[in-house]
Amino acid sequence: MIATLGNNAISTLKPGAVLTVTGATSEMDAQREVADFLQLSERNDLGYFSISKDYFLLYLKSENSLSGIA
């Protein structure tokens, strides 16, 4: 299950939002859950990286790989 921290509704997710995954058996399952969630939400403009086992920070993808993550 995916939840957001703060007041970000799914439709208004922005870079810097933190997603938390509950019920995943491993970090790999949690990452897959986040990837599936973003794909189903049609948010191809957002990427994510792990803060800890259950928390993921969203960032804005860039066409220029050097400026994708700041």
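Everything below is about the structure printed above this text.
Below or above, wherever it landed, is the structure these notes cover. (Residues numbered from 1 in each chain as written. Predicted model: local features only at pLDDT ≥ 70, side-chain atom pairs only at ≥ 80, totals over all residues. Heavy atoms only, no water.)

A word on the environment of Leu60
Then comes step 1: For Leu60, the location among the structural elements is in strand E4 (residues 55-60).
Then comes step 2: Using a relative accessible area of 46% as the deciding quantity, one classes Leu60 as partly exposed.
Then comes step 3: Remark: the alpha-carbon pair of Leu60 and Arg43, spanning 17 residues in sequence, is separated by 9.9 Å. (Helix = DSSP H or I, 4+ residues; strand = E, 2+ residues; numbered from the N terminus. Buried < 20%, exposed > 50% of the residue type's maximum accessible area, 1.4 Å probe, protein only.)

Quick look at the pairing of strand E2 (residues 18-21)
Then comes step 1: Neither face of E2 is open: one carries Val18 and Thr20, the other Leu19 and Val21, and all of them are buried.
Then comes step 2: Direction of pairing for E2 relative to E4: antiparallel, over a ladder of three bridges. Bridging across to E4, Thr20 finds its partner in Tyr55. (Pairing = 2+ DSSP bridges.)

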